[in-house]
Structure formats: C-alpha cells, structure tokens
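The primary structure of each chain is shown beneath.
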Amino acid sequence: MDPLGAPSQFVDVDSLPGWTDAYEAKQLDSRQNPVEKAQVDVRSPFPYRKDINAKIILWKGDVALLNCTAIVNTSNESLTDKNPVSESIFMHAGPDLRDELQKLKGTVRRFLEIHGETLEKVVFAVSELEEATYQKLLPLYFPRSLEEEIQSLPYLPADIGNAEGEPVVPERQIRITEKPGVPDDASDEEGLEADLSFIGSHAFARMEGDVDKQRRLILQGQLSEAALQKQHQRNYNRWLCQARAEDLSDIASLKALYQTGVDNCGRTVMVVVGRNIPITLIDMEKALLYFIHVMDHIAVKEYVLVYFHTLTNDYNQLDSNFLKKLYDVVDAKYKRNLKALYFVHPTFRSKVSAWFFTTFTVSGLKDKIHYVESLQQLFTAIPPEQIDLPPFVLEYDARENGPYYSSYPPSPDL
C-alpha cells in the first residue's frame, strides 16, 4: 500500500505464476505419462531444461508496471523508438533511463543458458493480442517436458543463429580498413610518400571486379560446410520426427522396402522392390517418410541395397526429382555407410536413366552401382539364404536365365 492507502499499481514479479505452473496442472488433470529420457532419440537444439523454465513467466500486462530489476523492450538501433510501450516505460522510469539503456543481444533462451545464474526471473509481458502467439512460440524455446520438446521440434526455424542466438550474416563481417592500400605495419611517419607508393597497386585502384563480393563468396565458402551440415541435420531431424509420428501402415503394406539378411561381408541387406511401388496411387512424401523411418537405424552402420527392377513399368519407376529429394534429405550416414547398390534385372532404358542421374545429379552414387543381370550373379555377393525374393522375381529369372535357381523357395510373405 502507498502512503495514501491506495493499492499500488506496480506488480511484484514473485506474485506471478510461472511458465510451467499451468502446464503441470494440466498434465495432472489429464494424467498423461511423461516421456522417459531413454525413449527420446531426436533432441531439440533447445532441450527441456527445468531450471531454465523455472525462470520464465508469461504475463499479460503493462511491462512498465513490473517491479523488477530491468526491462528489455524492442527498439531501433539508437534506442529512440517511440511507441505506447516505450512511452509508458519512460514515463514511469524517469529521465535517467535514457542514459542507462543497454541493448540485450541474442535470444532470451541462449542468454539464460550462458548467464542464467545471474537472473532470478524473466517475464514476457504481452498484450491480449500477443498472448496467444507467445503461448504457441514459447514451447519451441522453453519446452516444459520431453514430450513437448519432441512435439515442438518440427516447428523450429531452420536458422536459429549462433551460440548467443544472434543471426550469422557473412556480409556483415566484411570490413574496409582506414587505409586500404597501406599495410597494417606501416607507420604514419613515412608520410605522403608511403601513401602514394601504393596508388595503383591495390585492388581498389585496379579493375578487379567487386572485391566485397569476392570476399563475401570466400566467407560463404568458409562457412558453408559447417553451417550447411548443421542446417541439413536440423532438416533431417524434422523429417525423422515426422516419420515417427505419422501413420505409414499403408506404405508398409506395399512391401516395397524391407530388411533381409547379410551379404558376404556381414553387411545388412535392404531390398527395394520396384514393381511394388505404385507411384501414381500413393503419397510420395509418405513414401519418403517411410524410407527414413525404416532406414534411420539401419544406416548407422554399413549396409547394401538390392533394387529389383524386375517387370517394372512406367507406373512403378521413381522419377529423378523424387530420388534427388530423397538423396538431399537423408542424413550423411546413409551415403557414407551405403557400400553397394545392386541393380537387378536392369533394362537398357533404366541403365541410361541411372547413368544420367548418377553422372549429373548425384555423382557420389555412381561408383556404388552394380548392374546384376541374373540371380546367379547376385548370389556371388549375397548368399541365397540371406535374401528374401518375391516369387515373380524368381519366375522371371528362371524364364530369362534358365531354371537353375527356380528350386530356391521364395519368401511366403512376398
């Protein structure tokens, strides 16, 4: 109470409910079982942290009325932006605030990960219109359980910045020195003669094109490998998370992709049956998800693929755009650990298509493809008892290459 007996308009942070309070109450009411840590295969870059969540408060109200140590509000680069929120802050804080403003850089989440021990609470003060948006966004960066972390993973943006949460823009790292033509170790005492000696010898004095652009390309080249790998891994994790959540039973029933035995080197054998892929009748994105769902745990070690092109037609052949997308989406372990791709019963047309695809689209696959004209040839690399063959493959091979292997029993499930 203030001296006149009227209630104070300021709000004490300790009186506000925490970010996890309502969520925990809802979990108790619904009696949902929490996800155990051992069940989580894919982790978010912003993992569930109970200690960080304890510092977070989402509150609908005027940020200027909070009884707190500091307020962070969006502004322009000179911190002179005028809007209702900033005006309210200046009105309640007094004239000294303009001299004490400091800009908080990076995301709140990354700041708490690094400097969390120095802060007790962080309040997101929002308006009624903003509250619903924050309710959806906060779980991405402050998941309140392992289950919520997994559910939020597919919705994270591809670019989440650096370790401090700041965006990495290579162009901003380009700097022009005070005297571009003069070496850094040149002293001012050399005077005008030294400065003039470099005229015409530096890139800025010659027709060498856009030097800043060249520097930018160099920077991008230096950053591309590491940055691209991280971005690709995040993208793959989203696909994997979706694959584990999606109902893919209709794709599995096609029996177009399955695991069988091992080859002569002890490597897992995966079979793809081209005839069982009705590309005009199925959702090809679900087919991609099913491939990821099945192959993710297989690709962690060396494996081989056997593709039966036997009796396929135009309605069964995967187009190059889909194969390129699959090749681009899958994790690096798929490509690294694939040791051979046996292309069984190829046609002349399929050989030409495969040559163009592996030459101009995914050249890293070219040396791994082996064209196999008969099952006898395939069995030199994979023992007959280690591979389940569809009956029509056996029948076709016996008809085309003789009945030598027709006595080999086909898999009853295929």
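These numbers were taken from a predicted model, which means no experiment stands behind them.

**Describing helix H6 (residues 128–141)**
Here's step 1: Along its 14 residues, H6 runs 21 Å from first to last C-alpha, staying within 8% of the 20 Å computed at 1.5 Å per residue.
Here's step 2: A bend of about 35 degrees at tyrosine 134 is the largest found in H6.
Here's step 3: Within H6 the residues assigned to the buried category are Leu138, Pro139 and Leu140.
Here's step 4: Buried residues along H6 sit against strand E2 (56–60), strand E4 (122–126) and helix H7 (146–152).

**Section: the packing of aromatic side chains**
Here's step 1: Taken as a whole and assessed by the stated rule, the structure comprises 8 aromatic pairs.
Here's step 2: Look at tyrosine 236 and tyrosine 334: their rings are 5.8 Å apart centre to centre, the planes differ by 75 degrees, and that puts the pair in the edge-to-face class. Of this pair, tyrosine 236 sits in helix H9 (residues 211–245) while tyrosine 334 sits in helix H13 (residues 332–337); the two residues are 98 residues apart in sequence, bridging distant segments of the chain. An identical accessibility class is assigned to tyrosine 236 and tyrosine 334; each is buried.
Here's step 3: Members of the aromatic cluster, connected to one another through ring pairs, are Tyr236, Phe291 and Tyr334.
Here's step 4: Above the face of the phenylalanine 392 ring, arginine 275 is positioned so that its terminal group lies 4.6 Å from the ring centre.

**A word on a nonpolar patch on the surface**
Here's step 1: A cluster of nonpolar side chains, contributed by Phe348, Val352, Trp355, Phe356 and Phe360, occupies part of the molecular surface with about 580 Å² of accessible area.
Here's step 2: In this structure, phenylalanine 348 sits in helix H14 (residues 348–360).
Here's step 3: Taking the relative accessible area as the measure of exposure, phenylalanine 348 reaches 69% and is therefore exposed.

The rules behind these values
- Residues numbered from 1 in each chain as written.
- Predicted model: local features only at pLDDT ≥ 70, side-chain atom pairs only at ≥ 80, totals over all residues.
- Heavy atoms only, no water.
- Helix = DSSP H or I, 4+ residues; strand = E, 2+ residues; numbered from the N terminus.
- Expected span 1.5 Å × (residues − 1).
- Bend = angle between axes of the 7 residues up to and from the residue.
- Buried < 20%, exposed > 50% of the residue type's maximum accessible area, 1.4 Å probe, protein only.
- Contact = heavy atoms within 4.5 Å.
- Phe/Tyr/Trp six-rings, centres within 6.5 Å; stacked < 30°, edge-to-face > 60°.
- Lys NZ or Arg CZ within 6 Å of the ring centre and 35° of its normal.
- Patch = residues over 30% accessible without salt bridge, like charges linked within 9 Å, V, L, I, M, F, W, Y side chains within 5 Å.
- Areas by Shrake-Rupley, 256 points an atom, 1.4 Å probe, with all protein chains shown as cover.
- Salt bridge = Lys/Arg side-chain N within 4 Å of Asp/Glu carboxyl O.

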